[in-house]
Amino acid sequence: NVTTGQYLVPEGGSATTFGTNIISGTAVVMVNSWVAFGRGSGFGLLDMSGGLFAKVSDAGRSLIVGANGPGWITQTGGTISNTVSQTWISEGNTATWNMSGGSNFFGFLQFARNGSGVATLNFNGGTISATEIAGGAGLATNNYNGGTIRARASTANFLHDLDAANVLAGGLIVDFLTLDTLAIT
């Protein structure tokens, strides 16, 4: 179990620098500042099959996969939580999130934040709970082939601005709970 300030995988490097973080079993990682998988041109990977990865404070610092280096998440279980700040899947590089199990809790979740960002979600199972899910200025593709997206708040703009939202044979469940207002555009 780890509690830390910044969490950068890798920190710096070049296109040949790789950083891998494997979280499994009952491991717990608690982060008090910003998080980046894929930074400084280096490739960052989060491989999660169990445990908890939680960003617990510092609303001004985001959780980023694919900052200025490529980032990748492979999630077959466990929980990722960031309800205190924004989560970006691709800030300015390529980011891929393959999810087939587990549960996640987010506030604002954005794919391909900046124009140079390319983000892909391959969602094959598990649950993503968020207050808002949005595409950014880059290329945002979500492939839904199973799993549940759950709204954490009433909003007139819950799921919007994705460049492609492909619902495949496994389908997608969108759970509005008992919210009054919710829009998917």
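In the block above lies the structure referred to throughout.
Only a predicted model underlies this, so the values are computations on that prediction, with no experimental measurement involved. (Residues numbered from 1 in each chain as written. Predicted model: local features only at pLDDT ≥ 70, side-chain atom pairs only at ≥ 80, totals over all residues. Heavy atoms only, no water.)

(A) Broad picture of the overall build of the protein. A tally of regular secondary structure across the protein gives zero helices and 21 strands. Taken over the C-alpha trace, the protein has a radius of gyration of 15 Å; the compact-globule value for 185 residues is 16 Å, and the two agree within 12%. By principal-axis analysis of the C-alpha atoms, the protein measures approximately 45 × 35 × 35 Å. Each of the 185 residues in the protein was classed as buried or not, and the buried ones make up 47%. (Helix = DSSP H or I, 4+ residues; strand = E, 2+ residues; numbered from the N terminus. Rg over C-alpha atoms; globule rule 2.2 N^0.38 Å. Buried < 20%, exposed > 50% of the residue type's maximum accessible area, 1.4 Å probe, protein only.)

(B) Main features of the packing of aromatic side chains. In this structure the tally under the stated criterion is six aromatic pairs. Centroid distance Tyr-7 to Phe-53: 5.2 Å. Interplanar angle 70°. Geometry classified as edge-to-face. You can see Tyr-7 sitting in strand β2 (residues 7–9) and its partner Phe-53 sitting in strand β6 (residues 43–55), a full 46 residues away along the chain. Assessed through its relative accessible area of 15%, Tyr-7 is described here as buried. Between Phe-123 and Tyr-144, the aromatic rings sit 6.4 Å apart at their centres with planes inclined by 80°, giving edge-to-face as the arrangement. Of this pair, Phe-123 sits in strand β13 (residues 118–123) while Tyr-144 is found in strand β16 (residues 139–144), placing the two residues 21 residues apart along the sequence. Accessibility classification places Phe-123 together with Tyr-144 in one group, the buried group. Taken together, the aromatic side chains of Tyr-7, Phe-37 and Phe-53 make up a single cluster linked through ring pairs. (Phe/Tyr/Trp six-rings, centres within 6.5 Å; stacked < 30°, edge-to-face > 60°.)

(C) Examining the nonpolar core more closely. Core analysis: the biggest nonpolar cluster contains 35 residues, and Phe-53, Trp-97 and Phe-111 have the highest contact counts within it. Those residues in contact with Trp-97, other than ones at most four positions away along the chain, are Ile-73, Gln-75, Ile-89, Asn-104, Phe-106, Leu-109, Phe-111, Thr-120, Leu-121, Asn-122 and Ile-128. Judged by nonpolar contacts, the second largest core, of five residues, contains Ala-36, Ile-64, Ala-67 and Trp-88. (Core = buried A, V, L, I, M, F, W, Y, C linked by side-chain atoms within 4.5 Å. Contact = heavy atoms within 4.5 Å.)

(D) Here's a closer look at the environment of Asn-93. Mapped onto the elements of the fold, Asn-93 is located in the loop between β9 (87–89) and β10 (94–99). When the C-alpha positions of Asn-93 and Ala-119 are compared, they lie 8.2 Å apart, and in sequence the two are 26 residues distant. Setting aside residues no more than four positions away along its own chain, Asn-93 makes contact with Gly-66, Ala-67, Asn-68, Gly-69, Pro-70, Ser-116, Gly-117 and Val-118. Side-chain polar atoms of Asn-93 contact the backbone oxygen of Asn-68, separated by 3.4 Å. (Polar contact = N/O pair within 3.5 Å; in protein donor to acceptor, adjacent residues only side chain to side chain.)

(E) Seen up close, unusual backbone geometry. Cis peptide bonds are those with omega within 30 degrees of zero, and the linkage from Val-9 to Pro-10 qualifies with -15°. Structurally, Pro-10 is set in the loop between β2 and β3 (18–23). Its identity as a non-glycine residue notwithstanding, Ser-41 has a phi of 75°, on the positive side. As for its position among the elements, Ser-41 is in the loop between β5 (35–37) and β6. Residue classification places Ser-41 among the partly exposed residues on the basis of a relative accessible area of 37%. Even without glycine at this site, Ala-112 takes up a positive phi of about 60°. Here Ala-112 lies in the loop between β12 (108–111) and β13.

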